[in-house]
There are 2 protein chains.
Amino acid sequence: MSGDASTGTFLQGLERGLAVIRAFSADTPSLTLSEVARDVGITPATARRILLTLEQLGYVRSDGRRFALTPRVLALGWAYLSSLDLGDIAGPFMEELSAQTRESCSIATLDLPDIVYVARVPTRRIMTVALGVGARLPAYATSMGRVLLAGLPENELTAYVESVETEQHTEHTLTSPSELRDAVRRAGEEGYALVDQELELGLRSIAVPILDSRGRAAAALNVSAHASRSTKSALKTETLKPLRACAEQIGTALRQRGRI
Amino acid sequence: MSGDASTGTFLQGLERGLAVIRAFSADTPSLTLSEVARDVGITPATARRILLTLEQLGYVRSDGRRFALTPRVLALGWAYLSSLDLGDIAGPFMEELSAQTRESCSIATLDLPDIVYVARVPTRRIMTVALGVGARLPAYATSMGRVLLAGLPENELTAYVESVETEQHTEHTLTSPSELRDAVRRAGEEGYALVDQELELGLRSIAVPILDSRGRAAAALNVSAHASRSTKSALKTETLKPLRACAEQIGTALRQRGRI
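Residues numbered from 1 in each chain as written. Chains lettered and ligands numbered in written order. Predicted model: local features only at pLDDT ≥ 70, side-chain atom pairs only at ≥ 80, totals over all residues. Heavy atoms only, no water.

What should I look at first to understand the overall build of chain A in this one?
A tally of helices and strands in chain A yields 9 helices and 9 strands. Excluding contacts between residues fewer than 6 apart, the proportion of contacts in chain A whose partners are at least 24 apart in sequence is 57%. Accessible surface, chain A: about 11500 Å² in total, of which carbon and sulfur atoms supply 48%. Charge separation in chain A, taken as the distance between the mean sites of 29 positive and 30 negative side-chain charges, equals 4 Å. (Helix = DSSP H or I, 4+ residues; strand = E, 2+ residues; numbered from the N terminus. Contact = heavy atoms within 4.5 Å. Areas by Shrake-Rupley, 256 points an atom, 1.4 Å probe, with all protein chains shown as cover. Lys, Arg positive; Asp, Glu negative; His and termini not counted. Charge placed at Lys NZ, Arg CZ, Asp CG, Glu CD.)

Explain the sheet that holds strand 3 (residues 66–69) of chain A to me, please; I cannot follow it from the model alone.
To summarise the sheet geometry, strands pair through backbone hydrogen bonds and adopt either a parallel or an antiparallel arrangement. Residues and elements named next belong to chain A. Across the sheet, which stays open at both edges, the 3 strands sit in the order 1-3-2 with antiparallel pairing between neighbours. Looking at strand neighbours, the two that pair on one side only are strand 1 (31–32) and strand 2 (60–62), the edges of this open sheet. The pairing of strand 2 with strand 3 spans 3 bridges and is antiparallel. Pairing of V60 across the sheet is with L69, part of strand 3. Where helix 3 (residues 44–56) meets the sheet, its contacts fall on strand 2 and strand 3, and the angle it forms with strand 2 comes to roughly 105 degrees. (Pairing = 2+ DSSP bridges. Axes fitted to C-alpha atoms, helices over the stretch in contact; angles between N-to-C directions.)

Whenever I open this one, the interface of chain A and chain B confuses me. Can you help?
Reports of interface size often rely on the accessible area that becomes lost once the parts have come together. Each partner contributes residues to the interface: chain A has 64 residues there, and chain B has 64 residues. Here chain A meets chain B over a buried area of about 5600 Å², counting both sides, of which 65% is carbon and sulfur. At the boundary of chain A and chain B, one finds 2 salt bridges. The residue A:R72 makes a salt bridge to B:D111 at a minimum N-O spacing of 2.6 Å. Counting across the interface, chain A meets chain B through 8 residue pairs in polar contact (both at pLDDT 80 or more). (Buried area = accessible area lost by both parts, 1.4 Å probe. Salt bridge = Lys/Arg side-chain N within 4 Å of Asp/Glu carboxyl O. Polar contact = N/O pair within 3.5 Å; in protein donor to acceptor, adjacent residues only side chain to side chain.)

What am I meant to see in the relation of the copies chain A and chain B here?
Mapping one chain copy onto the other needs a rotation about an axis and a shift along that axis. Laying chain A over chain B is done by rotating through 180 degrees and shifting 0.0 Å along the axis; what remains is an RMSD of 0.0 Å. Those values place the two copies in the arrangement expected of a two-fold rotation axis. Interface overlap between copies: 100% of the residues of chain A at the interface are likewise at the interface in chain B, consistent with a symmetric, same-surface contact. (Least-squares fit on C-alpha atoms with pLDDT ≥ 70 in both.)

Looking at this structure, how should I read the domain arrangement of chain A?
Parsing chain A into structural domains produces domain 1 (12–69) and domain 2 (77–256). Just the C-alpha atoms count here: the centres of domain 1 of chain A and domain 2 of chain A sit 33 Å apart. (Domains from an automatic or database assignment.)

Please explain the confidence of the model for chain A as it appears in this structure.
Low pLDDT means the predicted atomic positions in that stretch should not be read closely. In the predicted model, chain A carries a mean pLDDT of 88, and the fraction of residues at 70 or more is 93%. A low-confidence stretch, residues 1–7 of chain A (pLDDT under 50), is modelled with 15 contacts involving residues beyond four sequence positions or located in other chains. (pLDDT = per-residue confidence, 0-100.)

So this is what it looks like as structure tokens:
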């Protein structure tokens with residue numbers, strides 16, 4: 001990497017500009033120039049140039065002291081979502097699966113160390129988990145994460161398992177590298193992952209991969225349910241079959257359109 | 001604006017990097033280096049530096065010849081959405097409005113010349129309009145656009161009305177600057193806008209503003225319905241009242257949390 005924005009191949013101004021956009025969040029919806037500089041690890045002078053550039057381009061607004069993102073930022077994420085075109089292609093299949101299982105279903109892709117939700121059909125029955133498109137969850141503690149990790153090349157999986165900072169979300173969370181690796185291997189062998197209250201008490205989910213033309217997990221599809229409504233064995237005996245059929249339909253449709 | 005990435009206040013590398021991300025879409029899910037250069041209006045050498053930087057940062061992947069966006073790009077849009085936190089704050093109110101009216105409802109903000117969807121509660125009854133969060137529609141032909149335009153300062157509204165490239169989407173679309181200005185003024189006076197099949201035949205919608213602490217339209221809330229199910233007068237006599245009540249509740253909740 002070049003250390004200078006004006007020479008070499010790597011554009012540091014672009015890297016830092018993207019980091020500034022990502023510095024805003026639910027906890028920090030607006031930031032001052034010095035907060036941006038501190039959060040991103042850049043000088044105030046650099047933060048100022050980036051914020052003024054983003055403001056001039058309409059991605060950031062300011063009241064003079066505090067800066068906040070504008071809806072134009074959504075155009076960036078939208079570029080990815082619309083190039084996947086999941087809403088149109090997968091939406092009808094997901095609606096059907098959700099109606100059939102009477103549970104929420106979602107599609108996520110891997111952006112280590114997280115999974116990222118790219119499509120979601122919620123049920124009216126639960127409003128506990130407010131996971132919209134773009135939401136991120138730690139891969140190790142989710143069913144979609146486990147099937148996506150199972151699709152990684154061995155060296156990438158090893159690097160992930162050995163470096164990931166796990167957290168004991170509940171008493172059920174697998175946190176040790178060896179347990180995690182076993183769970184991922186099992187997901188790969190069985191073609192699905194069932195995660196039982198490892199992220200949140202009362203929440204179970206089951207996921208299968210959506211395969212690309214080379215048979216690799218390009219995305220994952222899951223059904224999530226309240227533990228009080230769905231036993232582990234019901235998820236396996238009743239939900240897994242329609243879930244698999246749905247993932248095949250979506251995979252076929254996406255492959256036909258060259259999206260995965 | 002400086003013409004060089006290494007001097008002055010404006011960071012051209014950042015501007016161009018964001019433009020490259022936006023070059024990908026449903027029609028162009030993957031692009032070659034020369035397609036990127038042509039679409040964005042930059043040299044192939046510049047396109048190469050930007051694409052390699054984005055690839056190194058994990059926002060772009062490549063098979064050697066064609067480039068595509070990765071789910072990491074969603075983290076950018078997510079920074080905006082989570083700083084608004086609409087899902088948590090407005091979601092329950094929108095669910096209630098949708099249940100009450102039995103129609104889809106949405107929140108959008110203005111990013112001229114478009115409106116951008118930032119929250120949406122669809123009904124099960126229609127699947128015709130696949131508008132997810134991040135989707136964009138032309139402001140002039142939508143009910144949410146009209147109430148948001150009514151909140152603009154006079155000079156910005158004039159600049160928009162005189163420069164916008166309108167399209168005759170249906171026989172009902174208002175396309176002339178004077179008609180459009182009248183419709184926007186009426187929306188401002190009456191506090192709502194009703195758009196009848198101007199964007200798509202068979203689709204009606206009614207929108208009201210969500211006001212910030214200074215009484216300006218920070219966002220808009222709408223209910224949209226099939227023309228066959230809802231007459232114009234039913235939207236005014238039955239839907240407008242709960243729509244207004246919902247927008248007030250959401251506005252109050254957002255203002256209390258300092259989001260608008």
